[in-house]
Amino acid sequence: MPLSQHRPALAAILVAVAAVLTALAAFAHASAATTSTNPIVTRALRDLGTYQGECWTWMKQVVQDSTGAKVGFDYRFGYLDAGAVEVALKDAGPGDIIQIANDAWSTADADYDGLHTAIIISVNRDGTFEIIDSNQNWDGMVNLRSGYDPAARAAAKGLNFHVYRFGAGSSSVPAKPIVTVAGPVAAGDLARVNTPGDCLRLRNAPAGTITHCLGHNTQVTVTGASQTVDGVAWVPVSTAAGNGWMAAAFLLKEVPQASAGPSGSGTVTPLLRYRSFVTVASD
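Residues numbered from 1 in each chain as written. Predicted model: local features only at pLDDT ≥ 70, side-chain atom pairs only at ≥ 80, totals over all residues. Heavy atoms only, no water.

**Let's talk about the overall build of the protein**
Within the protein, the secondary structure is distributed over six helices and 15 strands. Looking at the protein residue by residue over its 283 residues, the buried ones come to 41%. Across the protein, the fraction of contacts at a sequence separation of at least 24, relative to all contacts at a separation of at least 6, is 59%. If you sum the accessible surface of the protein, you get close to 15100 Å²; carbon and sulfur atoms cover 57% of it. (Helix = DSSP H or I, 4+ residues; strand = E, 2+ residues; numbered from the N terminus. Buried < 20%, exposed > 50% of the residue type's maximum accessible area, 1.4 Å probe, protein only. Contact = heavy atoms within 4.5 Å. Areas by Shrake-Rupley, 256 points an atom, 1.4 Å probe, with all protein chains shown as cover.)

**Observations regarding the side chain of Asp47**
Looking at where Asp47 falls in the secondary structure, it is placed in the loop between helix H2 (39-45) and helix H3 (55-67). Not counting chain neighbours up to four residues away, the residues in contact with Asp47 comprise Gln52, Trp58, Val62 and Val142.

**A closer look at the environment of Lys90**
Note on placement: Lys90 falls in the loop between strand S1 (85-87) and strand S2 (97-101). For Lys90, a relative accessible area of 72% translates into the label exposed. Taking C-alpha positions, Lys90 is 9.7 Å from Val123, a pair spaced 33 residues apart along the chain. In terms of polar contacts, Lys90 uses its side chain to reach the side chain of Asp91, at 3.3 Å. (Polar contact = N/O pair within 3.5 Å; in protein donor to acceptor, adjacent residues only side chain to side chain.)

**Concerning the side chain of Gln99**
Looking at where Gln99 falls in the secondary structure, it is placed in strand S2. Take Gln99: its relative accessible area is 1%, and that puts it in the buried class. A polar contact is formed between the side chain of Gln99 and the side chain of Tyr79, at a distance of 2.7 Å. A distance of 2.7 Å separates the side chain of Gln99 from the side chain of Thr117, its partner in a polar contact. If sequence neighbours within four positions are ignored, Gln99 has contacts with Trp56, Tyr75, Tyr79, Leu115, His116, Thr117, Asn160, Phe161, His162 and Tyr164.

**Details of the sheet that holds S2**
The strand order S1-S6-S2-S3-S4-S5 describes an open sheet built from six strands, whose pairing is antiparallel. Every interior strand has two partners, whereas the edge strands, S1 and strand S5 (142-148), have only one. Adjacent strand axes in the sheet meet at a mean angle of 35 degrees when their direction is disregarded. Two elements, strand S3 (residues 116-123) and strand S4 (residues 129-134), share four bridges in a ladder whose sense is antiparallel. Its bridge partner lying in S4, Val123 is registered against Phe129. (Pairing = 2+ DSSP bridges. Axes fitted to C-alpha atoms, helices over the stretch in contact; angles between N-to-C directions.)

**Section: the confidence of the model for the protein**
Put simply, the protein has an average pLDDT of 79, and 72% of its residues get 70 or more. S2 holds the highest mean pLDDT among the elements of the protein, 97, whereas helix H6 (residues 276-282) holds the lowest, 34. In this model residues 22-34 is a low-confidence stretch, pLDDT under 50, and it forms nine contacts with partners more than four residues away in sequence or in other chains. In this model, residues 259-283 is a region of pLDDT below 50 whose contacts with residues beyond four sequence positions or in other chains number 40 contacts. (pLDDT = per-residue confidence, 0-100.)

**What about unusual backbone geometry?**
Phi angles above zero are rare outside glycine, and Asn135 is one such case at about 70 degrees. For Asn135, a relative accessible area of 17% corresponds to the buried category. Despite not being glycine, Asp230 has its phi angle at roughly 55 degrees, a positive value. Here Asp230 shows up in the loop between strand S12 (227-229) and strand S13 (232-239).

**What about the environment of Val41?**
Mapped onto the secondary structure, Val41 falls in helix H2. Remark: the alpha-carbon pair of Val41 and Asp96, spanning 55 residues in sequence, is separated by 8.8 Å.

**Concerning the pairing of strand S8 (residues 190-193)**
Here S8 runs beside strand S11 (residues 219-222); their pairing, made up of three bridges, is antiparallel. By the bridge assignment for S11, Arg192 is matched with Gln219. The sheet contact formed by S8 and strand S15 (residues 251-255) spans three bridges and is antiparallel. In the sheet register, Val193 faces S15, and the bridge partner there is Leu251.

Pasting the structure below:
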């Protein structure tokens, strides 16, 4: 039966009303989010509704603009290289970054369904999040998203997820500077990877198969005595990427601030500084 002359007009009005209600809801959501004092959230919201390209690239720019930190070239260790700390999902809050990825393939060339980066705006009572991200609809646009559940999204694609925080977060106690010294590391020591501009290989055995490459300044724990293979001293370590072995020459021991020497001025850099030595010695 053909529509009466009034029905098309009514349908058009209903569509217009629905569009207005949707716009008002998005505006209210964005307005509420702008009350956040977190600098990452504030900076991210500036791009709402604009074209910014891929989610990962956009997040890196937001973090650099708001904190000065430069996220590296790995979907996991890039955050740690930039000084972020990983927090549990239950502790996540505004300004934290949710990264969904495959822990076994988090390097810059990673490319698979489900890989995604989002910035938390607020936490919902049911444990989900209000987030802002770019390219969620494969259009390069920055949009808000409600009820975001990273655990469910990661599980649906067989992936992992992590939450990273830049800055002091909610803690009112300033973090102490990290002080490191050159010299032998022993079981129980905390140490930092010392490969400026590069990464240090984690292997499954001394001079064994490479499993990961951890970025400069990544923290590890030495778990046992060193072994010398092919002229290189290797130590067993526990890391965020799992257990393995690393070349001891490129680990700096963390020490209490008071033990940093008379000046307490900071890091003592070893003579063997660059990653290229590990490549030659361990190949």
